[in-house]
Amino acid sequence: LDSVTLSINCVHLTEMLKDMCIFAAWVHGDPRKVIYPTDSYGQFCGQKDTLNENKTILFYFNILKCASPVVLINLQCPTTQLCVSKCPDRFATYIDVQASYRYKPDQWNYFRQFCKPGFNNPRKSVAQVLRDEDCPSMIIPSRPFLKRCFPDFSTKNGVLTVANQTTFKDGRGKTRNVTDLREAANGINNVLDARSVGMKIFEDYAISWYWILIGLFIAMIVSLLFLVLLRFTAGVLFWIFIFGVIGIIGYGIWHCYWEYDHLKGIPGSDLTVYDIGFQTDFRVYLQLRQTWLAFMIMLCVVEVIIILMLIFLRNRIRIAIALLKEGSRAIGYIMSTLFYPIVTFILIAICISYWAVTAVFLATSGEPVYKVMANQTLCKYANLTCDPETFNTTNVTKLCPGAQCTFAFYGGESLYHKYIFIFQLANAFVFLWLVNFAIALGQCTLAGAFASYYWASRKPADIPLWPLFSSFGRAIRYHTGSLAFGALILAIVQLIRVILEYLDHKLKGTQNSFTRFLLCCLKCCFWCLEKFLKFINRNAYIMIAIYGKNFCTSAKEAFFLLMRNVVRVAVLDKVTDFLLFLGKILVAGGVGVLAFFFFTQRIPVFAQEAPTLNYYWVPLLTVIIGSYLVAHGFFSVYAMCVDTLFLCFCEDLERNDGSTAKPYFMSASLHRILGKKELSPKKAVG
């Protein structure tokens, strides 16, 4: 009953937070603010069924007022902005066009498309046109980028040019050099270069995607083979590594002794570190016998510790290796578990999509804010908010001739807009909660499947039919509340960590040392708390899958069970981590080497099949990273299998004694390691 009540409460709380964020976001949000540029009148460029439907590009009257491309993209450039159908492709000034409009009407008709809509009065004085910003004082050759007109910069013989010209008229009686746009040019050229590289990378992906998928498929096969072969190679790999470490340390001891003996009798080698003091050139210390003696003593201590640990922990290491082999055997009987990470991936992808869409709607839920833009620097109304519908009836235009009420950004002063940040936090919290729930569901499902293997009296005959699907059904039907509660605790800690990171970012420039120290301590503490909770939750979900108890009871029982076997836990954890890390490196490195030789056309058999690429490292890195992730997905199932079998093993030892009445459920290899006399008759098959 408690589990059912907890499940209902957690689900209701999740739905309430989710509905609150979705309602606020979808009622007030407008993703068009991200998709379309916005002109000075708050209208979207390129939006269908509007006057700007065919005007998809944003044009800036005076690009010189925009110091950097970041200002342009953020729509905070202090100049009039209009939606146009295409960017200008020539140099022209309003003064020249006005002077020649009678005998060159085509020039005026071309220039007029960059003026305010409806303006067609070339007789209006230049001073009034520039004051009222009816038309730009100049146009320069531009090209669209990010749906905005950027100057068409290029270099000719190392000189910055625009349309092969180094100077241009600014329309105010001055001839200016294109270097006046250098600050914007540098940023824009970097962005354009990145765009060119991005196009080449896209081409490489388009050509090589088929071979990338083949590489990932090979990684999947190699990962599967590695897991299957672990039942035969786990012990060999581990002991090879251990004796290799012992041998390397032994060589280090010998080398230190050789250096120590070699320096004997050399002048100055008998000095101490204290005698020579601190030296920036650390090679000086290598000329001292004391240095090599210290190194030799430290390596001897490490060697002795490792040997003593192997002597006293040999039985526990054998148990850990036996559990690793047993895990490989369990996966061999329940192969469907290897593909369950795909389900978790799909659930997390849905959570990310939900969070991203809601976040975009929340971020775009502001109302258009208009501010006074004045040509006069001393205008006291400059940058103040205004209402474009009533602006012409105010005295601002009289006190500041040429001032306009133009769109600035999206925001608002209402109560809702003041708490958008809180809604974003709530959205982030729900996202963390749902992601942790999806992970918890996967862990509980896998634990239930592998527990059914361990507690089967005769393996594999007594393993239930479709153990993975049965475990998934039990987790959804009976354990939703417990999983949601565990995910809730972890999500709260993660949200606190997010807030601490936000505060640390905001206070990065502060000179208060105590504040920085306190934040650093809090971040460290909550990082440790998150790691501890993940460990507890993981084992609690295993106990939930085995016994079906609620989260708190399962967490308590799992914790005390692990504490009673703390040495075994430490040994198993390190042995498992080492072997799985070795497997990931083996899979990613092996497939990566194969991909390198293939994409660089160094395999004669496939030289004709290899695609011609701009950057061979693009598919190569994709294959390496993808192979590592594929191996991580397979090995995460294996790690969950080993953890489940270990808890079952500890429970088996505490609840049973190997008698006929209480037989062990462990495998024969584990039974032999423990030194028991004989197996129960019902276990003899295992």
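- By the naming in an unreviewed UniProt entry, the chain goes by Choline transporter-like protein and is assigned to Otus sunia.
- Its UniProt record gives the chain a comment under Subcellular location (unreviewed entry), which states: "Cell membrane".
- If you open the UniProt record of the chain and go to Sequence similarities (unreviewed entry), you find "Belongs to the CTL (choline transporter-like) family."

1. Here we look at the overall build of the chain
Then, in step 1: A count of helical and extended segments in the chain gives 21 helices and 13 strands.
Then, in step 2: Counting all 686 residues of the chain, 42% fall into the buried class.
Then, in step 3: In the chain, the proportion of contacts linking residues at least 24 apart, taken out of those at least 6 apart, comes to 70%.
Then, in step 4: Approximately 36800 Å² of the chain is accessible, and the part contributed by carbon and sulfur atoms is 64%.

2. Overview of the pattern of salt bridges
Then, in step 1: A full pass over the atoms with the stated rule returns 13 salt bridges.
Then, in step 2: The salt bridge partner of R497 is E530, with a shortest N-O separation of 2.4 Å. Of this pair, R497 sits in helix α16 (residues 480–506) while E530 is found in helix α17 (residues 513–547), placing the two residues 33 residues apart along the sequence.
Then, in step 3: Judged by relative accessible area, which is 24%, R497 ranks as partly exposed.
Then, in step 4: E654 is the salt-bridge partner of R564, the closest N and O atoms lying 2.8 Å from each other. Remark: E654 occurs in helix α20 (residues 617–655) and R564 occurs in the loop between α18 (551–563) and α19 (566–599); sequence separation between them is 90 residues.
Then, in step 5: When its relative accessible area of 51% is taken as the criterion, R564 is described as exposed.
Then, in step 6: What you see here is one network of salt bridges that share partners, running through R497, E530 and K534.

3. Here we look at a nonpolar patch on the surface
Then, in step 1: Residues F217, I218, I221, V222, L225, L229, F232 and L594 make up a contiguous nonpolar surface patch of roughly 700 Å² in combined accessible area.
Then, in step 2: Locating I218 in the fold gives a position in helix α7 (residues 182–262).
Then, in step 3: For I218, a relative accessible area of 30% gives the class partly exposed.

4. Things to note about the environment of I242
Then, in step 1: As for its position among the elements, I242 is in helix α7.
Then, in step 2: Distance from I242 to L310, taken between C-alpha atoms, is 9.2 Å for residues 68 residues apart in sequence.

5. Observations regarding the confidence of the model for the chain
Then, in step 1: Confidence in the prediction of the chain, expressed as mean pLDDT, is 80, and 85% of residues score 70 or more.
Then, in step 2: Looking across the chain, the model is least confident in helix α3 (residues 69–73), with a mean pLDDT of 45, and most confident in α18, with 91.
Then, in step 3: Confidence drops under a pLDDT of 50 for residues 676–686, and excluding neighbours within four residues, the segment shows 23 contacts in the predicted structure.

6. Comments concerning empty space enclosed by the protein
Then, in step 1: Counted by the stated rule, this structure contains three cavities of 30 Å³ or more.
Then, in step 2: Quantified by volume, the largest cavity comes out at close to 110 Å³.
Then, in step 3: F59, Y60, F61, N62, I63, M138, I139, I140, S142, C149 and P151 are the residues that line the largest cavity.
Then, in step 4: Of all the secondary-structure elements, those providing two or more residues to the lining of the largest cavity are β1 (57–60), β4 (138–139) and β6 (148–151).
Then, in step 5: A breakdown of the residues in the lining of the largest cavity according to their chemical character gives nine nonpolar, two polar and no charged.
Then, in step 6: Considering only enclosed or pocket space, the second largest cavity measures out at about 70 Å³ in volume.
Then, in step 7: Forming the walls of the second largest cavity are F61, N62, K65, T79, L130, E133, C135, P136, S137 and R172.
Then, in step 8: In terms of residue class, the lining of the second largest cavity is built from four nonpolar, three polar and three charged.

Rules and cut-offs
- Residues numbered from 1 in each chain as written.
- Predicted model: local features only at pLDDT ≥ 70, side-chain atom pairs only at ≥ 80, totals over all residues.
- Heavy atoms only, no water.
- UniProt positions renumbered as here; feature names shortened; annotations may be inferred.
- Helix = DSSP H or I, 4+ residues; strand = E, 2+ residues; numbered from the N terminus.
- Buried < 20%, exposed > 50% of the residue type's maximum accessible area, 1.4 Å probe, protein only.
- Contact = heavy atoms within 4.5 Å.
- Areas by Shrake-Rupley, 256 points an atom, 1.4 Å probe, with all protein chains shown as cover.
- Salt bridge = Lys/Arg side-chain N within 4 Å of Asp/Glu carboxyl O.
- Patch = residues over 30% accessible without salt bridge, like charges linked within 9 Å, V, L, I, M, F, W, Y side chains within 5 Å.
- pLDDT = per-residue confidence, 0-100.
- 1 Å grid on protein atoms, 1.4 Å probe; cavity = no way out; pocket = protein on both sides within 12 Å on 5 of 7 lines; lining within 4 Å.
- Points joined across faces, edges and corners; volume = space filled by probe spheres on them.
- Nonpolar A, V, L, I, M, F, W, Y, C, P; charged D, E, K, R; others polar.

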